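# Overview (structure and organization)
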Amino acid sequence: MPHDVDATAIDSTAVDYGDLTRFIGYALRRAQMRLYEDFFRSVKGSGISPALFSALLLVERNPGLQQGRLGQALGVARSGAMTMVDRLERLGLVERRPAPHDRRAYGLHLTQKGGRAAVNLRQRVAEHDKRISARMDDAERRRLIELLERIY
């Protein structure tokens, strides 16, 4: 779904959702739409999507991570990981360096700009996360994460 669609414009009292309200996938998708809207407002001007943010933080925490392993960690195909790394590289946030023990492989590393961006984006996304979970207390927030982790 494009991130510029305003899901809040839908008046939920005007539509009979029937069985949809009982399906976890439907509830997750509705929540995801709202989350993405706020996420993109929070990181506006950065060129970063939720997937790129995740990739950036994984590279930050795992210097030298190979592209294939990044894809596995994110649950995306090899081609998807390549696309993400290409985008991060074009943004000047990540660079590929030859792996020290395998000349055929490359490890991913943050650039200086990438390190600064990770700090800035982490703060902006933390504020986003606080905003979207404002109606939950800490225990509810932890419980929601635990429940969602059971799905994957």
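Residues numbered from 1 in each chain as written. Predicted model: local features only at pLDDT ≥ 70, side-chain atom pairs only at ≥ 80, totals over all residues. Heavy atoms only, no water.

One recurring pattern in soluble globular proteins is that nonpolar side chains are buried together. If you look at the biggest cluster of nonpolar residues, it comprises 24 residues, and the most contacted ones within it are I48, L56, L88, L93 and V94. Contributing elements (two or more residues each) for this core: α1 (24-42), α2 (50-61), α4 (78-90), β3 (102-110) and α5 (112-132). Discounting residues that sit within four places of it in the chain, V94 has contacts with L56, V59, L88, E89, L108, H109, L110 and T111. (Core = buried A, V, L, I, M, F, W, Y, C linked by side-chain atoms within 4.5 Å. Buried < 20%, exposed > 50% of the residue type's maximum accessible area, 1.4 Å probe, protein only. Helix = DSSP H or I, 4+ residues; strand = E, 2+ residues; numbered from the N terminus. Contact = heavy atoms within 4.5 Å.)

What follows covers the pattern of salt bridges. Under the definition given, this model contains 10 salt bridges. Two residues, D86 and R96, come together in a salt bridge whose shortest N-O distance is 2.8 Å. Here the residue D86 occupies a position in helix α4, and R96 occupies one in strand β2 (residues 94-99), the gap between them amounting to 10 residues. On the basis of relative accessible area, R96 is assigned to the partly exposed category, the value being 26%. The salt bridge involving R97 is made with E95; its shortest N-O contact spans 2.8 Å. Through salt bridges with shared partners, one network takes in D38, R41 and R131. (Salt bridge = Lys/Arg side-chain N within 4 Å of Asp/Glu carboxyl O.)

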